[in-house]
Amino acid sequence: MAIDWAHFTPLASLAGGLLIGLAAAILVLFNGKIAGISGILGGLIASKQAAWRWLFIIGLAISPFIYGLVHSLPSTENQTSLPVLLIAGVLVGIGTTASSGCTSGHGVCGLSRGSLRSLVATISFMSAGFVAVFVVSHLIG
Amino acid sequence: MQLIFAALSGIIFGLGLILSGMTNPAKVKGFLDITGLWDPSLAFVMGGAILIGIFAFAIAKKRGETILGENIMLPDNKQIDRKLVIGALIFGAGWGLSGYCPGPAIASLFSAGVQAAIFTAGMLVGIAIYKVFNSRKG
(Lines give C-alpha, C1' and ligand atoms only; values in the text may rest on other atoms or scores of the structure.)
Protein backbone atom coordinates (compact mmCIF):
# COMPACT_ATOMS: atom_id res chain seq x y z
CA MET A 1 0.00 0.00 0.00
CA ALA A 2 1.24 3.46 -0.93
CA ILE A 3 -0.45 6.70 0.01
CA ASP A 4 -1.52 8.96 -2.85
CA TRP A 5 -0.29 12.21 -1.26
CA ALA A 6 -0.93 14.22 -4.45
CA HIS A 7 -4.70 13.71 -4.14
CA PHE A 8 -4.91 13.62 -0.33
CA THR A 9 -7.34 16.32 0.91
CA PRO A 10 -7.93 15.67 4.62
CA LEU A 11 -9.18 19.17 5.53
CA ALA A 12 -11.69 19.60 2.69
CA SER A 13 -12.91 16.04 3.23
CA LEU A 14 -13.26 16.55 6.98
CA ALA A 15 -15.10 19.86 6.45
CA GLY A 16 -17.41 18.18 3.90
CA GLY A 17 -18.01 15.37 6.37
CA LEU A 18 -18.96 17.86 9.09
CA LEU A 19 -21.51 19.43 6.68
CA ILE A 20 -22.96 15.98 5.91
CA GLY A 21 -23.24 15.36 9.66
CA LEU A 22 -24.94 18.75 10.09
CA ALA A 23 -27.44 17.87 7.35
CA ALA A 24 -28.21 14.54 9.05
CA ALA A 25 -28.56 16.38 12.39
CA ILE A 26 -31.07 18.87 10.91
CA LEU A 27 -33.15 16.08 9.39
CA VAL A 28 -33.34 14.01 12.56
CA LEU A 29 -33.75 16.87 15.05
CA PHE A 30 -36.31 18.91 13.08
CA ASN A 31 -38.06 16.19 11.07
CA GLY A 32 -37.32 13.02 13.02
CA LYS A 33 -36.06 11.31 9.87
CA ILE A 34 -32.91 9.43 8.87
CA ALA A 35 -30.77 11.03 6.14
CA GLY A 36 -30.39 7.85 4.13
CA ILE A 37 -30.33 8.72 0.45
CA SER A 38 -31.26 5.30 -0.92
CA GLY A 39 -34.22 5.06 1.47
CA ILE A 40 -35.38 8.59 0.64
CA LEU A 41 -35.16 7.75 -3.10
CA GLY A 42 -37.06 4.51 -2.59
CA GLY A 43 -39.93 6.39 -0.93
CA LEU A 44 -40.38 9.05 -3.62
CA ILE A 45 -43.19 7.14 -5.28
CA ALA A 46 -46.16 5.50 -3.59
CA SER A 47 -45.09 6.69 -0.18
CA LYS A 48 -47.45 8.44 2.22
CA GLN A 49 -44.69 10.83 3.14
CA ALA A 50 -43.38 11.68 -0.30
CA ALA A 51 -43.32 15.51 -0.05
CA TRP A 52 -40.35 15.91 2.31
CA ARG A 53 -38.44 13.26 0.35
CA TRP A 54 -38.91 15.16 -2.90
CA LEU A 55 -37.75 18.41 -1.28
CA PHE A 56 -34.67 16.72 0.21
CA ILE A 57 -33.77 15.18 -3.16
CA ILE A 58 -34.38 18.47 -5.02
CA GLY A 59 -32.17 20.25 -2.45
CA LEU A 60 -29.46 17.64 -3.00
CA ALA A 61 -29.76 17.90 -6.80
CA ILE A 62 -29.52 21.72 -6.86
CA SER A 63 -26.67 21.86 -4.32
CA PRO A 64 -23.97 22.17 -7.04
CA PHE A 65 -25.57 25.39 -8.27
CA ILE A 66 -25.61 26.83 -4.75
CA TYR A 67 -22.00 25.71 -4.27
CA GLY A 68 -21.19 27.41 -7.59
CA LEU A 69 -22.49 30.76 -6.32
CA VAL A 70 -19.71 30.89 -3.73
CA HIS A 71 -16.91 28.87 -5.25
CA SER A 72 -16.16 27.17 -8.53
CA LEU A 73 -17.09 23.48 -8.46
CA PRO A 74 -14.15 21.13 -7.87
CA SER A 75 -13.11 19.25 -10.99
CA THR A 76 -14.27 15.67 -11.26
CA GLU A 77 -12.99 12.77 -13.30
CA ASN A 78 -15.05 9.82 -14.47
CA GLN A 79 -13.53 7.30 -16.84
CA THR A 80 -16.21 4.64 -16.43
CA SER A 81 -18.05 3.71 -19.64
CA LEU A 82 -21.79 4.29 -19.86
CA PRO A 83 -22.76 0.58 -19.99
CA VAL A 84 -20.71 -0.10 -16.84
CA LEU A 85 -22.27 2.94 -15.13
CA LEU A 86 -25.74 1.65 -16.00
CA ILE A 87 -24.98 -1.83 -14.64
CA ALA A 88 -23.34 -0.35 -11.53
CA GLY A 89 -26.42 1.82 -10.98
CA VAL A 90 -28.72 -1.22 -11.13
CA LEU A 91 -26.45 -3.07 -8.65
CA VAL A 92 -26.46 -0.06 -6.29
CA GLY A 93 -30.27 0.20 -6.54
CA ILE A 94 -30.86 -3.49 -5.85
CA GLY A 95 -28.19 -3.74 -3.14
CA THR A 96 -29.18 -0.66 -1.16
CA THR A 97 -32.87 -1.59 -1.27
CA ALA A 98 -32.18 -5.17 -0.12
CA SER A 99 -29.89 -4.02 2.71
CA SER A 100 -32.06 -0.97 3.54
CA GLY A 101 -29.29 1.59 3.34
CA CYS A 102 -26.23 3.00 1.65
CA THR A 103 -23.16 5.03 2.60
CA SER A 104 -25.36 7.63 4.31
CA GLY A 105 -28.05 5.52 5.97
CA HIS A 106 -25.77 2.76 7.26
CA GLY A 107 -22.33 4.40 6.99
CA VAL A 108 -23.13 7.77 8.58
CA CYS A 109 -26.46 7.62 10.42
CA GLY A 110 -26.31 3.94 11.42
CA LEU A 111 -22.76 4.09 12.74
CA SER A 112 -23.57 7.34 14.58
CA ARG A 113 -26.42 5.52 16.33
CA GLY A 114 -24.11 2.66 17.25
CA SER A 115 -26.11 0.16 15.18
CA LEU A 116 -24.39 -3.23 14.86
CA ARG A 117 -26.55 -3.99 11.81
CA SER A 118 -25.21 -0.86 10.08
CA LEU A 119 -21.64 -1.76 11.05
CA VAL A 120 -22.05 -5.17 9.38
CA ALA A 121 -23.52 -3.49 6.28
CA THR A 122 -20.74 -0.88 6.16
CA ILE A 123 -17.96 -3.48 6.46
CA SER A 124 -19.71 -5.52 3.73
CA PHE A 125 -20.11 -2.72 1.19
CA MET A 126 -16.62 -1.33 1.86
CA SER A 127 -15.11 -4.80 1.36
CA ALA A 128 -17.02 -5.32 -1.89
CA GLY A 129 -15.90 -1.85 -3.02
CA PHE A 130 -12.24 -2.72 -2.34
CA VAL A 131 -12.60 -5.98 -4.28
CA ALA A 132 -14.42 -4.33 -7.22
CA VAL A 133 -11.72 -1.67 -7.61
CA PHE A 134 -8.97 -4.28 -7.23
CA VAL A 135 -10.52 -6.43 -9.96
CA VAL A 136 -11.15 -3.53 -12.36
CA SER A 137 -7.90 -1.62 -11.77
CA HIS A 138 -5.38 -4.37 -11.18
CA LEU A 139 -6.70 -7.62 -12.63
CA ILE A 140 -8.53 -6.46 -15.76
CA GLY A 141 -7.19 -2.92 -16.29
CA MET B 1 -41.99 23.90 8.16
CA GLN B 2 -40.72 20.33 7.92
CA LEU B 3 -40.52 20.68 4.16
CA ILE B 4 -38.21 23.69 4.49
CA PHE B 5 -35.88 21.75 6.81
CA ALA B 6 -35.93 18.77 4.42
CA ALA B 7 -34.82 21.00 1.53
CA LEU B 8 -32.21 22.72 3.72
CA SER B 9 -30.86 19.36 4.85
CA GLY B 10 -30.65 18.15 1.22
CA ILE B 11 -28.76 21.28 0.15
CA ILE B 12 -26.27 21.11 3.05
CA PHE B 13 -25.82 17.37 2.47
CA GLY B 14 -24.99 18.08 -1.18
CA LEU B 15 -22.59 20.92 -0.34
CA GLY B 16 -20.81 18.54 2.03
CA LEU B 17 -20.58 15.82 -0.62
CA ILE B 18 -19.12 18.28 -3.17
CA LEU B 19 -16.62 19.85 -0.74
CA SER B 20 -15.51 16.45 0.56
CA GLY B 21 -14.66 14.97 -2.86
CA MET B 22 -17.40 12.34 -2.77
CA THR B 23 -18.89 13.61 -6.06
CA ASN B 24 -15.62 12.85 -7.85
CA PRO B 25 -15.80 9.18 -8.93
CA ALA B 26 -12.04 9.04 -9.57
CA LYS B 27 -11.42 10.11 -5.95
CA VAL B 28 -13.87 7.52 -4.60
CA LYS B 29 -12.07 4.84 -6.60
CA GLY B 30 -8.76 6.17 -5.25
CA PHE B 31 -10.13 5.68 -1.73
CA LEU B 32 -11.22 2.11 -2.54
CA ASP B 33 -7.89 1.27 -4.21
CA ILE B 34 -6.16 0.03 -1.06
CA THR B 35 -3.73 -2.22 -2.92
CA GLY B 36 -2.67 0.52 -5.35
CA LEU B 37 -2.02 4.21 -4.82
CA TRP B 38 -4.40 4.85 -1.91
CA ASP B 39 -6.08 8.20 -1.22
CA PRO B 40 -7.40 7.97 2.37
CA SER B 41 -9.25 11.34 2.22
CA LEU B 42 -12.75 9.88 2.24
CA ALA B 43 -12.19 8.25 5.61
CA PHE B 44 -12.18 11.84 6.90
CA VAL B 45 -15.63 12.41 5.37
CA MET B 46 -17.13 9.56 7.31
CA GLY B 47 -15.19 10.59 10.43
CA GLY B 48 -16.43 14.18 10.24
CA ALA B 49 -20.02 13.17 9.56
CA ILE B 50 -20.09 10.64 12.41
CA LEU B 51 -18.50 13.17 14.79
CA ILE B 52 -21.59 15.39 14.39
CA GLY B 53 -23.95 12.43 13.94
CA ILE B 54 -23.10 10.85 17.32
CA PHE B 55 -24.23 14.01 19.14
CA ALA B 56 -27.27 14.55 16.92
CA PHE B 57 -28.60 11.00 17.36
CA ALA B 58 -27.83 10.98 21.10
CA ILE B 59 -29.88 14.17 21.48
CA ALA B 60 -32.63 12.74 19.24
CA LYS B 61 -32.82 9.56 21.29
CA LYS B 62 -32.87 11.45 24.59
CA ARG B 63 -35.55 13.93 23.49
CA GLY B 64 -37.75 11.36 21.75
CA GLU B 65 -39.39 14.18 19.83
CA THR B 66 -38.23 16.72 17.29
CA ILE B 67 -37.64 20.42 17.93
CA LEU B 68 -40.95 20.94 16.11
CA GLY B 69 -42.66 18.59 18.60
CA GLU B 70 -43.21 15.51 16.41
CA ASN B 71 -42.25 11.92 17.20
CA ILE B 72 -38.79 10.75 16.18
CA MET B 73 -38.93 7.34 14.51
CA LEU B 74 -35.49 5.75 14.53
CA PRO B 75 -34.97 2.36 12.88
CA ASP B 76 -35.46 -0.50 15.34
CA ASN B 77 -34.50 -3.32 12.99
CA LYS B 78 -31.58 -5.17 14.58
CA GLN B 79 -31.68 -8.23 12.36
CA ILE B 80 -28.39 -9.18 10.75
CA ASP B 81 -29.32 -11.57 7.97
CA ARG B 82 -28.34 -12.69 4.49
CA LYS B 83 -30.44 -9.97 2.89
CA LEU B 84 -28.46 -7.29 4.73
CA VAL B 85 -25.03 -8.72 3.94
CA ILE B 86 -25.66 -9.81 0.34
CA GLY B 87 -27.46 -6.54 -0.40
CA ALA B 88 -24.54 -4.53 1.01
CA LEU B 89 -22.06 -6.63 -1.00
CA ILE B 90 -24.02 -5.99 -4.23
CA PHE B 91 -24.16 -2.29 -3.39
CA GLY B 92 -20.42 -2.20 -2.71
CA ALA B 93 -19.66 -3.89 -6.03
CA GLY B 94 -21.66 -1.24 -7.90
CA TRP B 95 -20.05 1.52 -5.82
CA GLY B 96 -16.54 0.27 -6.67
CA LEU B 97 -17.35 -0.20 -10.37
CA SER B 98 -18.68 3.34 -10.79
CA GLY B 99 -17.28 5.45 -7.95
CA TYR B 100 -20.86 6.61 -7.31
CA CYS B 101 -23.09 5.90 -4.34
CA PRO B 102 -26.68 7.26 -4.21
CA GLY B 103 -26.03 10.69 -2.61
CA PRO B 104 -23.20 11.84 -4.88
CA ALA B 105 -25.06 10.54 -7.95
CA ILE B 106 -28.07 12.77 -7.18
CA ALA B 107 -25.78 15.70 -6.30
CA SER B 108 -24.11 15.25 -9.73
CA LEU B 109 -27.32 14.69 -11.68
CA PHE B 110 -27.55 18.17 -13.22
CA SER B 111 -23.88 19.10 -13.09
CA ALA B 112 -21.84 16.11 -14.27
CA GLY B 113 -23.29 15.38 -17.69
CA VAL B 114 -24.76 12.15 -18.93
CA GLN B 115 -22.66 9.81 -16.75
CA ALA B 116 -24.39 10.64 -13.45
CA ALA B 117 -27.77 10.58 -15.20
CA ILE B 118 -27.19 7.08 -16.64
CA PHE B 119 -26.03 5.80 -13.25
CA THR B 120 -29.07 7.35 -11.52
CA ALA B 121 -31.42 5.84 -14.10
CA GLY B 122 -29.87 2.42 -13.45
CA MET B 123 -30.18 2.96 -9.71
CA LEU B 124 -33.90 3.79 -9.92
CA VAL B 125 -34.45 0.71 -12.10
CA GLY B 126 -32.57 -1.38 -9.51
CA ILE B 127 -34.73 -0.03 -6.67
CA ALA B 128 -37.89 -0.83 -8.67
CA ILE B 129 -36.64 -4.32 -9.61
CA TYR B 130 -36.01 -5.21 -5.97
CA LYS B 131 -39.34 -3.79 -4.81
CA VAL B 132 -41.29 -5.75 -7.43
CA PHE B 133 -39.30 -8.93 -6.70
CA ASN B 134 -39.83 -8.52 -2.96
CA SER B 135 -43.58 -7.82 -3.18
CA ARG B 136 -44.14 -10.91 -5.36
CA LYS B 137 -42.14 -13.08 -2.99
CA GLY B 138 -43.81 -11.74 0.15
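Residues numbered from 1 in each chain as written. Chains lettered and ligands numbered in written order. Predicted model: local features only at pLDDT ≥ 70, side-chain atom pairs only at ≥ 80, totals over all residues.

## Re the nonpolar core
The test is simple: Only buried residues count toward a nonpolar core: Ala, Val, Leu, Ile, Met, Phe, Trp, Tyr and Cys, linked into one set through C-beta atoms within 7 Å. With C-beta atoms placed from the backbone, a residue counts as buried when 20 or more other C-beta atoms lie within 10 Å of its own, as exposed when 12 or fewer do, and as partly exposed for counts between those limits. Only runs of H or I of at least four residues qualify as helices and only runs of E of at least two qualify as strands under DSSP, and these elements are numbered from the N terminus. We call two residues in contact whenever the C-beta atoms placed from their backbones are within 7 Å.
I20, A23, A24 and V28 of chain A are the most contacted members of the largest nonpolar core, which has 82 residues in total. The element that contributes the greatest number of residues to this core is helix 1 (residues 10-31) of chain A, accounting for eleven residues. Discounting chain neighbours no more than four positions away, the residues touching A23 of chain A are A35 of chain A together with S9, I12, F13 and G16 of chain B.

## A word on the environment of G36 of chain B
Assignment of secondary structure puts G36 of chain B in the loop between helix 2 (25-32) and strand 1 (37-38). It is 26 Å that separates the C-alpha atoms of G36 of chain B and A49 of chain B, two residues lying 13 residues apart in sequence. Excluding residues within four positions of it along the chain, G36 of chain B makes contact with S137 and H138 of chain A.

## Examining helix 6 (residues 113-137) of chain B
We apply this condition: Helix span is expected to be 1.5 Å times the residue number reduced by one.
Taking 1.5 Å of rise per residue, the 25 residues of helix 6 of chain B would be expected to cover 36 Å, and the 37 Å separating its terminal C-alpha atoms lies within 8% of that figure. Residues Q115, A116, I118, F119, T120, G122, M123, G126, I127 and Y130 of chain B constitute the buried set of helix 6 of chain B. Where helix 6 of chain B is buried, its residues contact helix 2 (37-42) and helix 4 (82-98) of chain A together with helix 4 (82-98) and helix 5 (102-107) of chain B.

## Re unusual backbone geometry
Glycine aside, residues mostly have negative phi, and peptide bonds are mostly found in the trans state. Residue and element names in this part refer to chain A. Even without being glycine, S100 reaches a positive phi, approximately 55 degrees. Following the sequence through the fold, S100 ends up in the loop between helix 4 and helix 5 (103-112). Assessed through the 23 C-beta atoms surrounding it within 10 Å, S100 is described here as buried.

## Quick notes on the interface of chain A and chain B
It is common to give the size of an interface as the accessible area that goes away when the parts come together. Just so we agree on the cut-off: Throughout, the ten residues Ala, Val, Leu, Ile, Met, Phe, Trp, Tyr, Cys and Pro are labelled nonpolar, Asp, Glu, Lys and Arg are labelled charged, and all others, Gly among them, are labelled polar. At least two DSSP bridges between two strands are required for those strands to pair.
Residue-level contacts link 99 residues of chain A with 106 residues of chain B. If one sorts the elements of the side of chain A that touches chain B by residue count, helix 1 of chain A sits on top with 21 residues. Residues that form the side of chain A that touches chain B fall into these classes: 64 nonpolar, 31 polar and four charged. Note that strand 1 (residues 2-3) of chain A and strand 1 of chain B share two bridges and pair parallel. Across the sheet, A2 of chain A pairs through a bridge with L37 of chain B, a residue of strand 1 of chain B.

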